[in-house]
Amino acid sequence: PAAPQDSTPLYSSAGSVVNKSQVKDADTGVEYGVITAVEHPAAIDVYTVENSGGETFLFPAVPEFLDTLSPEQGVVTVRPIPGMFTNDGGNDDAD
């Protein structure tokens, strides 16, 4: 499903506006997609990240994976585990 095209801000539980922020790897600079939704199911935020191919991935915004949150720059940098942003069973090296 396509992301809503309205300008309603999506907030992290810390109060930062994160909608449409680019999600990039903190070490390599690889862009994984943009944040299209934020859920607050428990004590953590879960970001829905949509890549350029339209695939969506759930990203738990916990300190182990979240590097920096820079909503004013429209960028969130992350340190994902292998397979977090792939649909191939965890093989990030697949071509």
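Above: the structure in question.
Residue positions are counted from 1 within each chain, in the order its sequence is given. Since the coordinates come from a predicted model, pLDDT governs what is reported: local features require at least 70, and pairs of side-chain atoms require 80 or more to be given and counted, while whole-chain, interface and lining totals use all residues. Here the side-chain values reflect all heavy atoms present in the structure, with hydrogen atoms and water set aside.

Novice: Requested: an account of the overall build of the protein, with residues and values cited.
Specialist: Helical segments are the DSSP runs of H or I of at least four residues, strand segments are the runs of E of at least two, and each set is numbered from the N terminus. Helix and strand content of the protein: 0 helices and 6 strands. In the form shown here, the protein has an accessible surface area of approximately 5,700 Å², with 51% of it arising from carbon and sulfur atoms. Accessible surface is estimated by sampling points in the Shrake-Rupley manner with a 1.4 Å probe; for residues, cover comes only from the protein chains shown.

Novice: Mind laying out the packing of aromatic side chains, listing which residues take part and the relevant values?
Specialist: By convention, a stacked pair of Phe, Tyr or Trp rings (six-membered ring in the case of Trp) has centres within 6.5 Å and planes under 30 degrees apart, an edge-to-face pair has planes over 60 apart, and any other such pair is tilted. One pass over the full model with this rule turns up 5 aromatic pairs. These aromatic residues form a ring-pair network of at least three members: Y32, Y47, F57, F59, F65 and F85.

Novice: So, the pairing of strand β3 (residues 45-50): which residues are in play, and what are the values?
Specialist: Of all 6 residues that make up β3, 6 are buried, and the element is covered over most of its length. Residues D45, Y47 and V49 point to one face of β3 and V46, T48 and E50 to the other, with burial holding for every one of them. Connecting the antiparallel pair strand β2 (residues 31-39) and β3 is a turn made up of 5 residues. Strands are labelled as partners when DSSP assigns at least two bridges between them. Direction of pairing for β3 relative to strand β4 (residues 56-61): antiparallel, over a ladder of 6 bridges. In the sheet register, V46 faces β4, and the bridge partner there is P60. Counting the residues that bridge the hairpin from β3 to β4 gives 5 residues, and of these G54 lies at a positive phi of roughly 90°. For every residue, the accessible area obtained with a 1.4 Å probe (protein chains only) is divided by the maximum for its type, and the residue is called buried under 20%, exposed over 50%, and partly exposed between those limits.

Novice: An account of the side chain of N51 is needed here, citing residue identities and associated values.
Specialist: Among the secondary structure elements, N51 is positioned in the loop between β3 and β4. The buried category is assigned to N51, whose relative accessible area is 17%. Polar contacts, as used here, are pairs of N or O atoms within 3.5 Å; protein pairs need one atom able to donate a hydrogen and one able to accept it. Residues neighboring in sequence count only if both atoms are side-chain atoms. Of the polar contacts made by the side chain of N51, one reaches the backbone nitrogen of G53; its length is 2.9 Å. Among all residues touching N51, those that are not within four sequence positions of it are Y32, G33 and F57. Residue contacts follow a heavy-atom distance rule, with two residues in contact if any of their heavy atoms lie within 4.5 Å.

Novice: So, the sheet that holds β2: which residues are in play, and what are the values?
Specialist: Spatial ordering of the open sheet is given by β4-β3-β2-β1-β6-β5, a layout of 6 strands whose pairing is mixed. The sheet is open, and its two edges are formed by β4 and β5 (66-70), each paired on a single side. Between one strand and the next, the sheet's axes are offset by a mean angle of 35°, whatever the strand orientation. Lines fitted to the C-alpha atoms define the axes, with helices restricted to the stretch that makes contact. Angles between their N-to-C directions range from 0 to 180 degrees.

Novice: With reference to specific residues and values, describe the nonpolar core.
Specialist: Grouped together as the largest cluster of nonpolar side chains are 15 residues, with contacts concentrated most on V23, I35, Y47, V49, F59, V78 and F85. Secondary-structure elements contributing two or more residues to this core are β2, β3, β4 and β6 (75-78). Contact partners of V78, with chain neighbours within four places excluded, come to V23, K24, D25, A26, Y32, F59, F65, L66, D67 and F85. Definition of nonpolar core: a set of buried residues of the types Ala, Val, Leu, Ile, Met, Phe, Trp, Tyr and Cys, connected through side-chain atoms within 4.5 Å.

Novice: Can you break down the pairing of β2 residue by residue, with the values?
Specialist: Where strand β1 (residues 22-25) lies against β2, 3 bridges are found, and the strand directions are antiparallel. Its bridge partner being in β2, K24 is matched across the sheet by E31. What sits between β1 and β2 in their antiparallel hairpin is a turn of 5 residues, with G29 showing a positive phi close to 80°. Bridge count between β2 and β3: 5 bridges; the pairing is antiparallel. Bridging across to β3, V34 finds its partner in E50.

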